[in-house]
Amino acid sequence: MIRISGIIEESIVDGPGLRFVVFTQGCVHNCKGCHNPETHSVEGGKLIGASEIVKAYKNSGAAGITISGGEPFLQGEALAFLGEEIHKLGGNVITYTGYTHMDLIKLQMNTPSVKKLLQETDLLVDGPFILDERTVDRPFIGSANQKIISLSKKGDSLLHLIRA
């Protein structure tokens with residue numbers, strides 16, 4: 001089961017192309033100015049099975065799924081399974097996180113679920129939102145410190161679409 005805040009079945013603002021977006025519930029970062037503060041409580045939202053999300057994804061026509069937050073890596077095991085199912089369908093996976101990529105590399109050494117979600121992520125948007133560095137000049141990020149990092153060949157293709 002995945003604790004979510006909500007789902008948007010058709011988005012063009014959460015990654016290149018038509019995206020199916022899952023907003024996870026629960027976040028430890030509490031970034032000042034966060035645009036999803038309702039996702040911070042780990043007890044909020046609702047529980048939903050990955051199979052239910054996959055079914056809705058199949059019916060959406062989206063090219064891939066974007067996992068946003070809250071903080072997805074708090075539910076790495078279940079979201080890695082979701083990512084694996086999306087990959088089986090030929091889709092791609094973008095994961096937004098308040099952690100930096102380097103933080104996640106360190107965390108994965110002691111937290112297997114972090115490693116699993118990283119392995120199922122094609123494109124990672126990393127770093128906390130910093131209000132003083134807010135930007136609208138770069139697509140798909142909120143503050144200048146954040147990076148978009150390819151973690152696979154599908155990620156390379158997505159990154160190419162962003163930079164084209």
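Each remark here, short or long, concerns the structure printed above.
Residues numbered from 1 in each chain as written. Predicted model: local features only at pLDDT ≥ 70, side-chain atom pairs only at ≥ 80, totals over all residues. Heavy atoms only, no water.

> Kindly report on the overall build of the protein chain, identifying the contributing residues and their values.
In terms of regular secondary structure, the protein chain is built from five helices and seven strands. Order of helices (α) and strands (β) in the protein chain, N terminus to C terminus: β-β-β-α-β-α-β-α-α-β-β-α. Per-residue burial over the protein chain gives 51% buried out of 164 residues. Within the protein chain, contacts between residues at least 6 apart in sequence are counted, and of these 64% link residues at least 24 apart. When the accessible surface of the protein chain is summed, it comes to about 8300 Å², and 54% of that surface belongs to carbon and sulfur atoms. Placing the 16 positive and 18 negative side-chain charges of the protein chain at their respective mean positions leaves the two points 4 Å apart. (Helix = DSSP H or I, 4+ residues; strand = E, 2+ residues; numbered from the N terminus. Buried < 20%, exposed > 50% of the residue type's maximum accessible area, 1.4 Å probe, protein only. Contact = heavy atoms within 4.5 Å. Areas by Shrake-Rupley, 256 points an atom, 1.4 Å probe, with all protein chains shown as cover. Lys, Arg positive; Asp, Glu negative; His and termini not counted. Charge placed at Lys NZ, Arg CZ, Asp CG, Glu CD.)

> Pulling in residues and values, what's your account of the packing of aromatic side chains?
Throughout the structure, instances matching the rule amount to one aromatic pair. Look at F20 and Y57: their rings are 5.8 Å apart centre to centre, the planes differ by 85°, and that puts the pair in the edge-to-face class. Within this pair, whereas F20 is found in strand β2 (residues 19–24), its partner Y57 is found in helix α1 (residues 50–60), the two being separated by 37 residues in sequence. (Phe/Tyr/Trp six-rings, centres within 6.5 Å; stacked < 30°, edge-to-face > 60°.)

> Lay out the side chain of E71 with the relevant residues and their values.
Checked against the element boundaries, E71 lands in the loop between β4 (64–68) and α2 (76–88). The side chain of E71 sits in the buried core without any salt bridge; K147 is the nearest counter-charge, 14 Å away. A distance of 3.1 Å separates a polar side-chain atom of E71 from the backbone nitrogen of F73. A polar side-chain atom of E71 sits 2.8 Å from a polar atom in the side chain of T97. Look past the residues within four positions of E71 in its chain and what remains in contact with it is T24, G26, C27, H29, T97, G98 and Y99. (Salt bridge = Lys/Arg side-chain N within 4 Å of Asp/Glu carboxyl O. Polar contact = N/O pair within 3.5 Å; in protein donor to acceptor, adjacent residues only side chain to side chain.)

> How would you summarise the pattern of salt bridges if you had to cite specific residues and measurements?
One pass over the structure, following the stated rule, counts two salt bridges. A salt bridge links E77 to K116, with the nearest nitrogen and oxygen atoms 2.8 Å apart. You can see E77 sitting in helix α2 and its partner K116 sitting in helix α4 (residues 112–120), a full 39 residues away along the chain. Judged by its relative accessible area of 43%, E77 is partly exposed. One salt bridge in this structure joins K88 and E85, with 3.0 Å as the shortest N-O distance. Pair noted here: K88 and E85 are both in helix α2, with a separation of three residues, about one helical turn.

> Provide a residue-level description of the nonpolar core, including the pertinent values.
The biggest cluster of nonpolar side chains holds 26 residues, and the ones touching the most others in it are F20, I53, I65, F73 and L82. Counting only elements with at least two residues in this core, the list comes to β1 (2–11), β2, α1, β4, α2 and α4. Ranked by residues supplied to this core, first place goes to α1 with five residues. In this structure, V125, I141, L158 and L159 belong to the second largest nonpolar core, which totals nine residues. (Core = buried A, V, L, I, M, F, W, Y, C linked by side-chain atoms within 4.5 Å.)

> Run through unusual backbone geometry, naming residues and quoting values.
Residue G70 is bonded to the preceding G69 through a cis peptide linkage, with omega at 5°. Within the fold, G70 resides in the loop between β4 and α2. Notably, N30 is not glycine yet its phi reads approximately 50°, a positive angle. Considering the arrangement of structural elements, one finds N30 in the loop between β2 and β3 (46–48). Of note, F140 is a non-glycine position whose phi angle comes to about 70°, a positive value. With respect to the element layout, F140 can be found in the loop between β6 (123–126) and β7 (147–150).

Just distances and angles here, no functional claims.
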